[in-house]
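Structural description and commentary
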Amino acid sequence: MKKLMLGNEAVARGLYEAGCSFVSSYPGTPSTEITEAAAKYDEIYAEWAPNEKVALESAFGASLAGHRSFCGMKHVGLNVAADPLFTVSYTGVNAGLVIAVADDAGMHSSQNEQDSRHYAKASKIPMLEPSDSAEAIEFTKRAYEISESFDTPVLLKMCTRVSHSQSIVTPGDRAEVTKTYEKNGAKYIMMPGNAKKRHPIVEERCASLVQFAETDSINRLEDGCDKSVGFVTSSTSYQYVKEVFGDRHPVLKLGMIWPLPEQKIRDLAESVEKLVVVEELDGFIEEHIRCLGIDVVGKDTFSNIGELSQNIVAEKLGGTTETGVKLPDMIPPRPPVMCAGCPHRGLFYTLVKNKITVMGDIGCYTLGAVPPLGALDSTICMGASVSGLHGFNKSNGGATDGKTVAVIGDSTFMHSGITGLVNIAYNNSNSTVIIVDNSITGMTGHQQNPTTGKNLKGDVAAKVDLETLCRAVGINRVRVVDPYDLAECDRVIKEELAADEPSVIISRRPCALLKYVKHSAPLKVDADKCKSCKMCMKIGCPAISMENGKAKIDATLCTGCGVCGQLCKFDALKA
Amino acid sequence: MNSTKNVMIVGVGGQGSLLASKLLGRLLLTKGYDIKVSEVHGMSQRGGSVVTYVRFGDKVYSPIIDRGEADFIVSFELLEAARYTEYLKPDGRIVTNTQQINPMPVITGAAEYPADLDRKMKDAGINIDAFDALSLAEKAGSSKAVNLVLLGKLSRYFDFPVEDWMEAIEQSVPEKFLEMNKCAFLLGRDA
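Please read all numbers here as calculations on a predicted model, not as lab measurements.

Quick look at the interface of chain B and chain A
Taken together, the contact between chain B and chain A spans 57 residues of the former and 60 residues of the latter. When chain B packs against chain A, the two sides together hide about 4800 Å² of surface, and 60% of this comes from carbon and sulfur. At the boundary of chain B with chain A, the tally comes to four salt bridges. Here B:Arg55 makes a salt bridge to A:Glu243, at a shortest N to O gap of 2.9 Å. In this assembly, chain B and chain A are joined by 20 residue pairs in polar contact (both at pLDDT 80 or more). Contributing elements (two or more residues each) for the side of chain B that touches chain A: helix 1 (17-30), strand 2 (34-39), strand 3 (49-57), helix 2 (78-83), strand 5 (88-97), helix 3 (104-107) and helix 4 (117-123) of chain B. At six residues, the largest contribution of residues to the side of chain B that touches chain A is made by strand 2 of chain B. Of the residues belonging to the side of chain B that touches chain A, the class tally is 29 nonpolar, 13 polar and 15 charged.

Okay, here's the thing in structure tokens:
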């Protein structure tokens, strides 16, 4: 039966149909829903791992044990998983192993715009790239066939527009696949003597995969009568080309974008007057074609920055597009903000008030960077706040110890903050790390993590005790504060920054959006007492605004957290 | 160059635009169309500007709607309607709630919320239905039913019988909110 299905849900459907029985991932937009959807199939064991490296290594273990396995992540997650990636390329698999990586061209929810296709080439692992949900199911299943017949992990490359678009699919049945494990050290123990013998096998595999790319229908030529132009494209770029040109020009639609076919491209190039590559971000396919000595239109015409669209494709190739009316008014932007009642707000206000330098990290609390709080000084990647703080303080020879902190979320701390904290303790920088523990992985849409006491399926799980963990790595000063209590926050932060040894402050309160969190009555403004001083506006709460010179609280948004009330010197904000 | 119809659903993160696109997609599926529905998750949910694209026709390729392509823009908030006017076809139509939600730059005083946006859009020659969907939703029983009120209004421009919309509502909302949502839809349809 036909169904509308999200691209990520379609990957999960493909996992189900392919007989995959083990999924281990770390959440990251736009990849998260693959694993959430996979967890809904009883036949699939699915889990959130603490980070992508652990997830991929776990999926490798399941493959070795003889079970088709999977690991999903966003583009930057593959950087974390790159260490095992390059070596599972050498070992190959027992049962099929598929790794999905979702790129975020346009950076809707990411810190960079890296093009994951380079990883396929660098690690010598084939990469498939679906262009809609039906292909997401089909390619996931094909990925397992390729994985087992070529003895290789297979990368499945998604992007925001394929991951987060629903299109029509026809779901099929599940086929169970299992292999038996046999000890084979020459294949699976990658020490130099063995790895030297595996590398030539990897190179032979690449050559066989090129032959596969030449002949398999996953790379298909769609003919067109107008040979003035021929296109080579894949993924969502293929959809934009077809949207603009329909069936007019020949299109080589690549379903496998590494390794690339040579003859198929040569044949198309010879049959058309001009060859055009349409691809998002880097000129990855284009470089390959240029290496073949074929002249091609590519990044000389299309930008390697941001997403493409049908209008961009049309305009870059000489077409015209019509746009609607633009109002002359300046339309103010509407950036994402920390929610009303967000527990991070009180903490950030305290840091800003004390003029503290803040090394930030990846999560909802990155929004502490935006006005009016403007609380952050840097954000790089998962865990970088903690290790960055160490380098900042250590290199300053103690001069910044008392006025610099790291802010990192509970899930991000488990992902890759712990090792940074070990470094602070071991190499003794007098640093203060603040773990903003809101008891959930917030930004990606409320996933459980090792500190929440629940697993992906919602069952009770072992719970990491952050206080004990921090003490165990050698931090003697570990404090817990309630970020709704501004006076306490202020006192504890000052004390820990003044202390003459490393410390951790756990700012603990569950995310205000969690269903089990009970909100207090919304605050009201006593207009007679309000002196229009705008102190309450300094915390950037979306529930507070000024109307006719007086503070106004939107009762539908206010959660009654009371932080604004603590700022009012005139007692004008009351429950 | 093709017969694809384009509906953009825009609003502020958390206003319920995902249910509107889900319901519309479900209805269109029963009509035998090819469909693509695209949304952006993650950062944009935190009170930011959110956009969902619904495209349907004989064969739909692109998952997104580009400038000048929207047959309809359904907007949950007035400023968001004004933000996307460039996406409207010359003969397209905006169906918008007149509710105003200040974005953070307006709250902090860094920017102003432009006045009379509904009139300005009308004066610019845009076909627009601007009405207080929030009050109608509250009349139906919940401020959260703005999405159904707006869909009700949009349904006037489609040839599908009202029973088909009702069926799609039944498949999309939980039993206990069904009557309230149906009521909101009909209030919007008659607005």
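Describing the nonpolar core
Note that soluble globular proteins tend to have their nonpolar side chains buried in a common cluster. With 68 residues, the main nonpolar core has A:Phe348, A:Leu351, A:Val407, A:Leu421, A:Val433 and A:Ile435 as its most contacted residues. Core analysis: the second largest hydrophobic core is formed by 43 residues, A:Leu56, A:Ala59, A:Ala120 and A:Ile257 among them.

As for the packing of aromatic side chains
Residue and element names in this part refer to chain B. In total, this model carries 15 aromatic pairs over all chains according to the counting rule given. Here Phe 160 and Trp 165 contribute two aromatic rings whose centre-to-centre distance is 6.3 Å and whose plane-to-plane angle is 45°, an arrangement assigned as tilted. Exposure class is identical for Phe 160 and Trp 165. Each is buried. Three or more aromatic residues joined by ring pairs form one cluster here, namely Tyr 33, Phe 56, Phe 72, Tyr 157, Phe 158, Phe 160, Trp 165 and Phe 185.

Overview of the sheet that holds strand 3 of chain B
Taking strand neighbours across the sheet as the criterion, the eight strands line up as 1(A)-8(A)-2(B)-3(B)-1(B)-4(B)-5(B)-6(B) in an open arrangement whose pairing is mixed. Edge positions in the sheet fall to strand 1 (3-6) of chain A together with strand 6 (127-131) of chain B, since each has one partner strand and no second. Taking each pair of neighbouring strands and ignoring which way they run, the sheet shows an average axis angle of 20°. Sheet topology note: the strand 1 (residues 5-12) of chain B/strand 4 (residues 70-75) of chain B ladder contains four bridges and is parallel. In the strand pairing of strand 4 of chain B, B:Val7 is matched with B:Phe72. Against the sheet, helix 1 (residues 7-17) of chain A contacts strand 1 and strand 8 (165-169) of chain A, and its axis sits at roughly 100° relative to strand 1 of chain A.

Description of the pairing of strand 11 (residues 251-254) of chain A
Residues and elements named next belong to chain A. Along strand 11, one buried face is formed by Val 251 and Lys 253 and the opposite face, lined by Leu 252 and Leu 254, is buried too. Taken together, the four bridges between strand 9 (residues 219-222) and strand 11 define a ladder with antiparallel strand orientation. Across the sheet, Arg 220 pairs through a bridge with Lys 253, a residue of strand 11. Here three bridges tie strand 10 (residues 229-233) to strand 11, and the two strands are oriented parallel to one another. The residue of strand 11 that forms the bridge with Phe 231 is Val 251. Since strand 10 and strand 11 lie parallel, the crossover through helix 11 (residues 235-245) that links them has a hand, and here it is right-handed.

Thoughts on helix 7 (residues 133-150) of chain A
All names here are of chain A. Between the first and last C-alpha of helix 7 there are 25 Å, a value that for 18 residues agrees with the 26 Å anticipated at 1.5 Å per step. Within the sequence span of helix 7, burial applies to Ser 133, Glu 135, Ala 136, Ile 137, Phe 139, Thr 140, Arg 142, Ala 143, Tyr 144, Ile 146, Ser 147 and Phe 150. A side-chain oxygen of the first residue of helix 7 lies 3.3 Å from the backbone nitrogen of Ala 134; this N-cap is Asp 132. Where helix 7 terminates, the next one or two residues include Asp 151, which has phi positive at roughly 55°.

Let's talk about the side chain of A:Glu47
Residues and elements named next belong to chain A. By the element assignment, Glu 47 lies in strand 3 (residues 45-48). Of the side chains bearing the opposite charge, Lys 457 lies closest to the buried Glu 47, which forms no salt bridge; the N-O distance is 11 Å. Within the local environment of Glu 47, its side chain forms a polar contact with the side chain of Tyr 45, the two groups lying 2.5 Å apart. Leave out the neighbours within four places in its chain, and Glu 47 touches Phe 22, Val 23, Ser 24, Ser 25, Thr 35, Ser 58 and Leu 456.

Topic: the environment of A:Gly255
All names here are of chain A. Its place among the elements puts Gly 255 in the loop between strand 11 and strand 12 (256-258). The class for Gly 255 is buried, based on a relative accessible area of 0%. Between the C-alpha atoms of Gly 255 and Leu 466, which are 211 residues apart in sequence, the distance is 45 Å.

Here is what the cut-offs are and how they apply
Residues numbered from 1 in each chain as written. Chains lettered and ligands numbered in written order. Predicted model: local features only at pLDDT ≥ 70, side-chain atom pairs only at ≥ 80, totals over all residues. Heavy atoms only, no water. Contact = heavy atoms within 4.5 Å. Buried area = accessible area lost by both parts, 1.4 Å probe. Salt bridge = Lys/Arg side-chain N within 4 Å of Asp/Glu carboxyl O. Polar contact = N/O pair within 3.5 Å; in protein donor to acceptor, adjacent residues only side chain to side chain. Helix = DSSP H or I, 4+ residues; strand = E, 2+ residues; numbered from the N terminus. Nonpolar A, V, L, I, M, F, W, Y, C, P; charged D, E, K, R; others polar. Core = buried A, V, L, I, M, F, W, Y, C linked by side-chain atoms within 4.5 Å. Buried < 20%, exposed > 50% of the residue type's maximum accessible area, 1.4 Å probe, protein only. Phe/Tyr/Trp six-rings, centres within 6.5 Å; stacked < 30°, edge-to-face > 60°. Pairing = 2+ DSSP bridges. Axes fitted to C-alpha atoms, helices over the stretch in contact; angles between N-to-C directions. Right-handed = clockwise from strand over helix to strand, strands pointing away. Expected span 1.5 Å × (residues − 1). Lys, Arg positive; Asp, Glu negative; His and termini not counted.

Function-wise, these values are silent; they only describe arrangement.
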